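Observations on the three-dimensional arrangement
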Amino acid sequence: MGDADTLFRLTTLNTEYAACIDADRLEDWPALFVEQCIYKITTADNRRRGYAAGIVYADSRAMLQDRVAALREANIYERQSYRHIVGMPALRPGDTITAETPFLVVRTMRDGRMDLFAAGVYLDRVQPDTDGTLRFAERIVVCDSSRFDTLLAIPL
Amino acid sequence: MGDADTLFRLTTLNTEYAACIDADRLEDWPALFVEQCIYKITTADNRRRGYAAGIVYADSRAMLQDRVAALREANIYERQSYRHIVGMPALRPGDTITAETPFLVVRTMRDGRMDLFAAGVYLDRVQPDTDGTLRFAERIVVCDSSRFDTLLAIPL
Amino acid sequence: MGDADTLFRLTTLNTEYAACIDADRLEDWPALFVEQCIYKITTADNRRRGYAAGIVYADSRAMLQDRVAALREANIYERQSYRHIVGMPALRPGDTITAETPFLVVRTMRDGRMDLFAAGVYLDRVQPDTDGTLRFAERIVVCDSSRFDTLLAIPL
């Protein structure tokens, strides 16, 4: 599998990831991870200081499913929507497929106001499934800003 | 034609589309559509409610050319400029090539102020011309926000 | 070398470029240019009026290295961070590889505030090194806005 092919498949995974969140198909989102995955949201500042703890942490697909169920109960998606703009992944050499991918999220409130909600970089480790489909073994979402909205329970 | 090749050609179409608008080469914009095309701007809210009507609607390339002529007369491009940042398309399976592609538009006013003008998703149906060039048979621009600037006559 | 391959390699160069700046690996940034390169930051307005002068101008890799050294001394990266979102390149036909690529930069201040720092287009001429790696022979950064922050010494 050449680099161009890996990039193509990783891009496909990234667009599907963003589409699940932005089109409010949250229930499809956990399936993009392997079962024993790591999903973490942290800040650039925390990372620089070497803090391992994140703002959000999940270490299995089941935990991601629980999070989606909680979000549905909280009805957060009724009040706002998101739009991810995801850059091209920078592949990092190694035995496993790892990549760094910049992202930006624009939030739109029900009354029409838009704002820059988050910007940062995804640090990913992905692995092909038995059928060749790439899934996230690890996605660490590193936000540039340390100032957080109370609604950060929403996947980034 | 494999998926990677389709993605490459669709990306080329998308970058050309954005470049026409952002570099003020509006006259080149209609040629990216087939003659009997659909071009529509609507909102996520309208779509959710099942409203077919859009804010802007054209069902032929000739209508798009008319729109460009009207914009030139109104001199709108003298007063502001646009920058599209277009994500990678998510290809949808099927006989025809359909795709969903996130976008973001930054507007810059003559005095230098910049703002987030629009964010949303393109719902596209594209078809290859006799020479293999892809063109839009349908582009539905779904804006996340329902609040519109009076200047929305400008293509998104 | 087909267009799809060129696009892949150019995208790789662009993601590396953005990653150097955004991850504060500024020292790696000059190596993405050939030794006798042109690097210029200008505005759309200046370009329209035919002004050759830019806000920033360098005509060798050594000048870029000097700039990085100056930025380190000024400690600017302690106070803010950047996130480039770079679109797909539009390849322009010709003997040399030239491309136009839209970009957006979000700035995050130490206190967490984010803003749209810059939007515009990269006008690039790239050339393959002896080992096939693409490098910038020329990168002209054309900013949509003519209003500049005093901190524009930072690479865009």
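Preceding this paragraph is the structure being described.
Residues numbered from 1 in each chain as written. Chains lettered and ligands numbered in written order. Predicted model: local features only at pLDDT ≥ 70, side-chain atom pairs only at ≥ 80, totals over all residues. Heavy atoms only, no water.

Another aspect to go through is the relation of the copies chain B and chain C. Both copies of the chain are placed relative to one another by a rotation about an axis and a shift along it. The transform that puts chain B on chain C rotates by 120° and translates by 0.0 Å along the axis, for an RMSD of 0.0 Å. When the rotation and shift are considered jointly, the pair of chain copies conforms to a three-fold rotation axis. By C-alpha distance to the rotation axis, the residue of chain B lying nearest is Gly87(B), at 4.1 Å. Take the interface residues of chain B: only 18% of them recur as interface residues in chain C, which is what a contact between different surfaces looks like. (Least-squares fit on C-alpha atoms with pLDDT ≥ 70 in both. Contact = heavy atoms within 4.5 Å.)

Contacts between chain C and chain A engage 22 residues on the former and 22 residues on the latter. For the pair chain C and chain A, the summed buried surface comes to about 1,700 Å²; carbon and sulfur atoms form 66% of the total. Looking only at chain C, the three residues that lose the most surface to chain A are Phe8(C), Arg83(C) and Met114(C), adding up to 34% of its buried area. Where chain C packs against chain A, one counts two salt bridges. The closest approach of N and O atoms between Arg83(C) and Asp144(A), which form a salt bridge, is 2.7 Å. The tally of links between chain C and chain A comes to four residue pairs in polar contact (both at pLDDT 80 or more). Among the secondary structure elements, those contributing two or more residues to the side of chain C that touches chain A are α1 (3-22), β3 (80-86), β5 (97-109) and β6 (114-128) of chain C. Grouping the constituent residues of the side of chain C that touches chain A by class yields nine nonpolar, six polar and seven charged. (Buried area = accessible area lost by both parts, 1.4 Å probe. Salt bridge = Lys/Arg side-chain N within 4 Å of Asp/Glu carboxyl O. Polar contact = N/O pair within 3.5 Å; in protein donor to acceptor, adjacent residues only side chain to side chain. Helix = DSSP H or I, 4+ residues; strand = E, 2+ residues; numbered from the N terminus. Nonpolar A, V, L, I, M, F, W, Y, C, P; charged D, E, K, R; others polar.)

Residue and element names in this part refer to chain A. One pass over the full model with this rule turns up 30 aromatic pairs over all chains. Here Tyr82 and Phe117 contribute two aromatic rings whose centre-to-centre distance is 5.4 Å and whose plane-to-plane angle is 65°, an arrangement assigned as edge-to-face. A residue pair is termed long-range when its members are at least 10 positions apart, and Tyr82 in strand β3 (residues 80-86) and Phe117 in strand β6 (residues 114-128) qualify at 35 residues. Its relative accessible area of 1% is what places Tyr82 among the buried residues. (Phe/Tyr/Trp six-rings, centres within 6.5 Å; stacked < 30°, edge-to-face > 60°. Buried < 20%, exposed > 50% of the residue type's maximum accessible area, 1.4 Å probe, protein only.)

The subject of this paragraph is unusual backbone geometry. All names here are of chain A. Even without being glycine, Asp24 reaches a positive phi, approximately 60°. Tracing the backbone shows Asp24 in the loop between α1 (3-22) and β1 (33-43). Among the residues examined, Asp24 registers a relative accessible area of 31% and is labelled partly exposed.

The operation relating chain C to chain A is a screw motion whose rotation component is 120°, with 0.0 Å of axial translation and a residual RMSD of 0.0 Å. The overlap is low: 18% of the interface residues of chain C also sit at the interface in chain A, so different surfaces are used on the two sides.

The next point concerns the pairing of strand β7 (residues 134-143) of chain C. Looking down a regular strand, the side chains alternate between one sheet face and the other. Residues and elements named next belong to chain C. Counted residue by residue, β7 has nine buried out of ten residues, so it is predominantly covered. Judged from the seven bridges that link them, strand β1 (residues 33-43) and β7 form a sheet pairing that is parallel. Note that in β7 the partner of Lys40 across the bridge is Ile140. Two successive antiparallel strands, β6 and β7, enclose a turn made up of five residues, where Gly132 displays a positive phi of approximately 90°. (Pairing = 2+ DSSP bridges.)

For Arg113(C), the position within the fold is in the loop between β5 and β6. For the pair Arg113(C) and Thr11(C), spaced 102 residues apart in sequence, the C-alpha to C-alpha distance is 29 Å. Sequence-distant contacts of Arg113(C), defined by excluding residues within four places in its chain, comprise Arg147(A), Arg107(C) and Thr108(C). A distance of 3.0 Å separates the side chain of Arg113(C) from the side chain of Asp111(C), its partner in a polar contact.

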